[in-house]
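Observations on the three-dimensional arrangement
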Amino acid sequence: MDAGDGPIERRLEQLHTWGPYGLLGISVVLALVSTGQVEGRAEWELDAALVAAAVLLQLWWQLTRPRRPARGRVPSAAGTAYYAVRWAIAFTLTLSSGFFAFYASAGYMDADELIPGMWRRLGLFAGAITVAGAQCGGLPPEGVSQWAAFGALLAANSGLQTAVAHLTEQEERRSRERAETISALEAANTALRQALDENVALHAQLLVQAREAGVAEERRRLAAEIHDTLAQGLTGIIAQLQVVAAVPDLAGARVHVERASALARHSLGEARRSVHNLAPVALADDGLPEALKKTVAEWGERTGVRCEFTVTGTGEQLHDEIAATLLRITQEALSNTARHAAATRVGVTLSFMGDEVTLDVRDDGRGFDPVAVPARNGTGGFGLDGMRARAERIAGHLAVESEPGHGTALSARVPLVRHDR
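Within any chain, residue numbers begin from 1 and follow the written order of that chain's sequence. Given that this is a predicted model, residues contribute local features only at a pLDDT of at least 70 and side-chain atom pairs are listed and counted only at 80 or more, while totals for whole chains, interfaces and linings are drawn from all residues. The side-chain figures draw on all heavy atoms in the structure; neither hydrogens nor water molecules are used.

**Details of the nonpolar core**
We call a set of buried residues a nonpolar core when its members are Ala, Val, Leu, Ile, Met, Phe, Trp, Tyr or Cys and they connect through side-chain atoms within 4.5 Å of each other. Buried, partly exposed and exposed residues are distinguished by accessible area as a fraction of the type maximum, computed with a 1.4 Å probe on protein chains only: under 20%, between the cut-offs, and over 50%, respectively. In terms of nonpolar packing, the biggest core is built from 37 residues, with Leu 288, Leu 318, Leu 326 and Val 346 touching the most fellow members. Looking at this core, the elements that each hand over two or more residues are helix H9 (288–303), helix H10 (320–341), strand S2 (345–353), strand S3 (356–363), helix H11 (383–393), strand S4 (397–402) and strand S5 (408–415). Secondary structure is summarised from DSSP: a helix means a run of H or I of at least four residues, a strand means a run of E of at least two, and numbering begins at the N terminus for each. In terms of residues, this core owes the most to one element, H10, which gives 9 residues. The contact criterion used is simple: two residues touch if any of their non-hydrogen atoms lie within 4.5 Å. Leaving out residues up to four positions away in the same chain, Val 346 has contacts with Trp 299, Val 305, Arg 306, Cys 307, Glu 308, Leu 334, Thr 337, Val 361, Arg 362 and Asp 363.

Below, the structure written as structure tokens:
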């Protein structure tokens, strides 16, 4: 029901409750006023009894009828019986005095909620007989002219009521269709809301799974590198020192000590390289834009290369994994620029674009052919393959554009995942 339908429904409810009382009262008053014209009629005692019966009938129906809005009621057998008894009382009273046709017209107000289906037309027709009889001078008609007037009045009344009933049925049908449409839309909205909630939950679940997978992958990487480098290096150091203890001459011992020292230095380098992927210290107190700004400024001071940092779009507090990945890619890109590009200007841009974050690093250095990138030589860093793997690990991708003599442009595009709260 619309918000504006409440007062209308209440007025209809009041009309259906008190309307028959009012029409009966008007009929009684007019009939009593006209008693001078009908003095000596013995049936007034019967009329009084019928008026009392009409009042009792109305009280009974007022106490037993369903307490629902008129538009929501379904015709019942009790309602049909109430309508029929009320019509019979009104018809009998109208035979005594035509003024009781006012009471008989009460059937026009509530036939749609009391009588089901096609029986409703019959109830309206019965009411039209009573009203037309009163209008033509009383029932039964006397003479041809009165019968003709009765027939014309009956046709007019029943035709008018049939048209009104038809319009009422059409309005009820449209109301039911609107209610069904609203129910369907509410069901669709509920389903859509549930789907959106499920999508949010699925996204969160996928993010947790991706984070767990990243943690597991990092643990496997560290375990493998410790096994392949540190563990083997320490084993070799122990073996060399054990040999030193058994060598009698100083020259032979020095050889094994030097070998142990070389293994220790190598293992130290491997240890530093293994922890290179852990969470950046620069992000401990600052967000990604502040950390990148400091990183770019420090790199420019250290290398003497003019380096500018720019942020576009509305900044967001990014998820730790996203921020760490972009910072590591920036550090590796600047390191590559310092070692290989011989650039005079470098630009770093962080762009927030709705559901994505883009990092662009550009320089005016010597450039290179991306297709002919040499293999890693193990001197440090991750290279383009490492940066690309970092981006792909968080569902992003990395693109490189370069040409010998025309500088290099690196672009990492990753999804914007906000910081957990």
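**A closer look at H10**
Residues separated by three or four positions in an α-helix point in the same direction, a consequence of the helix having 3.6 residues per turn. Between the first and last residue of a helix there are one fewer steps than residues, each counted as 1.5 Å, and that sum is the expected span. Taking 1.5 Å per residue, 22 residues should reach 32 Å; H10 reaches 30 Å between its end C-alpha atoms and fits that length. Downstream of H10 by one or two residues, Ala 342 has phi in the positive range, about 55 degrees.

**Re the sheet that holds S3**
The strands making up a sheet associate through backbone hydrogen bonding, with each pair oriented either parallel or antiparallel. Only when DSSP finds a minimum of two bridges between them are two strands counted as paired. Spatially, the 5 strands line up as an open sheet ordered S1-S2-S3-S5-S4, and their pairing is mixed. This sheet does not close on itself; its edge strands, each paired only once, are strand S1 (306–312) and S4. Ignoring strand direction, the axes of neighbouring strands in this sheet form an average angle of 10 degrees. As defined by bridge partners, S2 adjoins S3 across 8 bridges and the pair is classed as antiparallel. In the sheet register, Leu 350 faces S3, and the bridge partner there is Leu 359. Here an angle of 0 to 180 degrees is reported between the N-to-C directions of two axes, which are lines fitted to C-alpha atoms, with helices fitted over the stretch in contact. Along the sheet face, H9 touches S1, S2 and S3 and points at about 170 degrees away from the line of S1.

**Here's the deal with a nonpolar patch on the surface**
Two distance rules govern patches: like charges are joined within 9 Å, and nonpolar side chains (Val, Leu, Ile, Met, Phe, Trp, Tyr) within 5 Å, applied only to residues with over 30% relative accessible area and no salt bridge. Note on areas: Shrake-Rupley with a 1.4 Å probe; residue coverage comes only from the protein chains shown. A pairing counts as a salt bridge when a side-chain nitrogen of Lys or Arg comes within 4 Å of a carboxyl oxygen of Asp or Glu. Nonpolar side chains collect at one region of the surface, where Ile 26, Phe 99 and Phe 102 lie side by side and expose about 250 Å² of accessible area between them. With respect to the helices and strands, Phe 99 occurs in the loop between helix H3 (77–96) and helix H4 (101–104). For Phe 99, a relative accessible area of 32% puts it in the partly exposed group.

**Digging into the pattern of salt bridges**
Tallied over the entire structure, the rule returns 5 salt bridges. Between Glu 356 and Arg 413 there is a salt bridge, with its nearest N and O atoms 3.0 Å apart. Of the two residues, Glu 356 is situated in strand S3 and Arg 413 in strand S5; the sequence distance between them amounts to 57 residues. On the accessibility criterion, Glu 356 (28% relative accessible area) is partly exposed. We classify Arg 413 as partly exposed; its relative accessible area is 29%. Arg 388 serves as the salt-bridge partner of Asp 385, at 3.7 Å between the closest nitrogen and oxygen. Of this pair, Asp 385 and Arg 388 both sit in helix H11, 3 residues apart, which is roughly one turn of that helix.

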